[in-house]
Amino acid sequence: MDQSGSLTSLGDPTRARILRLIRDSADGRALVSRLAEALELRQPTISHHMKSLHDEGIVVREPDGRRVWYSIAPEFAGRVDALLGEAARPAPDPDLERIATDLTLRYRGVFGPETVRAKVVESYELLAGRSRSPMLASRTAAFAAARLDALKRSQGIPGAVPSVLFVCVQNAGRSQIAAGILRQLAGDRVLVRTAGSEPAGDVRNAIVGTLDEIGVPLGDEFPKPLTDEAVRGADVVVTMGCGDACPIYPGRRYVDWQLEDPVGKSPEQIRVIRDDIDRRVRALLTELVAESSSAALVE
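The rules behind each value
Residues numbered from 1 in each chain as written. Predicted model: local features only at pLDDT ≥ 70, side-chain atom pairs only at ≥ 80, totals over all residues. Heavy atoms only, no water. Pairing = 2+ DSSP bridges. Helix = DSSP H or I, 4+ residues; strand = E, 2+ residues; numbered from the N terminus. Axes fitted to C-alpha atoms, helices over the stretch in contact; angles between N-to-C directions. Phe/Tyr/Trp six-rings, centres within 6.5 Å; stacked < 30°, edge-to-face > 60°. Buried < 20%, exposed > 50% of the residue type's maximum accessible area, 1.4 Å probe, protein only. Polar contact = N/O pair within 3.5 Å; in protein donor to acceptor, adjacent residues only side chain to side chain. Core = buried A, V, L, I, M, F, W, Y, C linked by side-chain atoms within 4.5 Å. pLDDT = per-residue confidence, 0-100. Contact = heavy atoms within 4.5 Å. 1 Å grid on protein atoms, 1.4 Å probe; cavity = no way out; pocket = protein on both sides within 12 Å on 5 of 7 lines; lining within 4 Å. Points joined across faces, edges and corners; volume = space filled by probe spheres on them.

Novice: Just give me the short version of the sheet that holds strand β4 (residues 163–168), but keep the residues and values in it.
Specialist: The strand order across the open sheet built from four strands is β5-β4-β6-β7, with neighbouring strands paired in parallel fashion. Edge positions in the sheet fall to β5 (191–196) and β7 (253–256), since each has one partner strand and no second. Mean inter-strand twist for the sheet, computed between neighbouring axes without regard to direction, equals 20 degrees. For strand β6 (residues 236–239) and β7, the ladder comprises four bridges, and the chain directions are parallel. Counted as the bridge partner of V236 is R253 from β7.

Here's what the structure looks like:
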């Protein structure tokens with residue numbers, strides 16, 4: 001593979017398809033990795049480092065900071081076309097009946113089949129309008145389960161641990177940073193949820209990378225719309241720039257964190273925001289642990 005600054009390409013139509021798929025893909029980073037594998041790029045180079053497609057090929061940032069260009073040479077046309085054809089195939093429709101049946105078993109004795117199925121269908125509709133993820137079925141199941149858990153708590157079936165809901169606009173930056181850090185610090189001592197008043201399709205790669213730097217994984221987290229039961233099921237609701245979108249219910253503690261939006265910021269600026277959130281999360285956790293200990297003593 002030519003690694004010099006003199007690049008070749010597969011031609012404008014194929015190049016345009018590549019760029020369009022990367023832009024529209026719910027997991028563009030994974031698609032770039034697969035394309036890199038198809039073009040036989042070195043695995044140590046593409047692992048855990050920035051990958052992006054440009055007009056003439058792939059640019060990879062090496063561990064030492066250098067940016068290396070890789071051309072999309074004509075001899076790889078067959079591999080690229082095969083990959084693009086696979087990526088362009090639509091994902092199968094989620095089996096909502098199967099998801100509802102499994103969750104009905106999980107919530108037996110708490111919610112009836114009709115309630116569970118209604119949450120599954122509604123959760124799918126809320127996510128499908130925003131996400132093009134090939135994992136839409138599993139995201140639907142996870143979102144429906146989270147909503148049923150929140151509904152259970154709101155109906156007077158409290159959990160054993162306090163619940164915190166982080167809400168921002170897109171649920172792809174500030175709220176995900178806060179939730180990831182709190183999960184990492186609290187473990188199973190706190191139930192952590194997130195939501196967005198206008199959720200994006202996926203968590204931004206820059207956010208994932210900034211959290212990974214400090215050892216905080218996001219796992220299977222994804223942006224979710226703000227729902228009534230999510231607020232009702234939370235003990236503490238932390239809002240971040242979402243204005244009046246969050247409904248107010250008695251018995252919940254509301255905290256508003258004035259934080260700069262990391263969208264479009266440089267890595268250095270995102271780190272500053274991340275560290276500010278980290279300090280706030282640690283203070284909140286200290287309060288939650290103290291309150292939980294006091295409640296245990298009273299009981």
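Novice: Give a detailed account of the packing of aromatic side chains, specifying residues and quantitative values.
Specialist: Overall, the coordinates contain two aromatic pairs when judged by the stated rule. Pairing Y107 with F111 gives two aromatic rings, centres 6.1 Å apart and planes at 50 degrees, and the pair type is tilted. Both residues of the pair, Y107 and F111, count as buried. A centroid spacing of 6.0 Å and a plane angle of 45 degrees characterise the contact between F166 and W257, whose relative ring orientation is tilted. You can see F166 sitting in strand β4 and its partner W257 sitting in the loop between β7 and α11 (267–298), a full 91 residues away along the chain.

Novice: Give me the side chain of N171: which residues, what numbers.
Specialist: With respect to the element layout, N171 can be found in the loop between β4 and α8 (174–186). Its relative accessible area of 0% is what places N171 among the buried residues. Here the side chain of N171 touches S175 through a polar contact of 2.8 Å, side chain to side chain. In this structure the side chain of N171 is engaged in a polar contact, spanning 2.8 Å, whose partner is the backbone nitrogen of K224.

Novice: Describe in detail the nonpolar core, supporting the description with residues and values.
Specialist: If you look at the biggest cluster of nonpolar residues, it comprises 29 residues, and the most contacted ones within it are V164, F166, L182, V238 and W257. Secondary structure elements with two or more residues in this core: β4, α8, α9 (205–212), β6 and α11. Among the elements that make up this core, the one with the highest residue count is α11 (seven residues). Formed by twelve residues, the second largest nonpolar core is a distinct cluster that contains I99, L103, A144 and L151.

Novice: Can you break down the confidence of the model for the chain residue by residue, with the values?
Specialist: Taken over all residues, the pLDDT of the chain has a mean of 76, while the share at 70 or more is 65%. Contacts of residues 1–12 to residues separated by more than four positions or lying in other chains number 32 contacts, the stretch itself having pLDDT below 50. pLDDT under 50 marks residues 41–56. Its contacts with residues more than four places away, or in other chains, come to 49 contacts.

Novice: Please set out empty space enclosed by the protein residue by residue, giving values where relevant.
Specialist: With the rule as written, the count across this model stands at four cavities of 30 Å³ or more. Put simply, the largest cavity is a space of about 110 Å³. In terms of lining, the largest cavity is formed by F143, A146, R147, A150, L165, R193, T194, A195, K224, P225, T227 and A230. Of all the elements in the fold, those that place two or more residues in the lining of the largest cavity are α7 (136–154) and β5.

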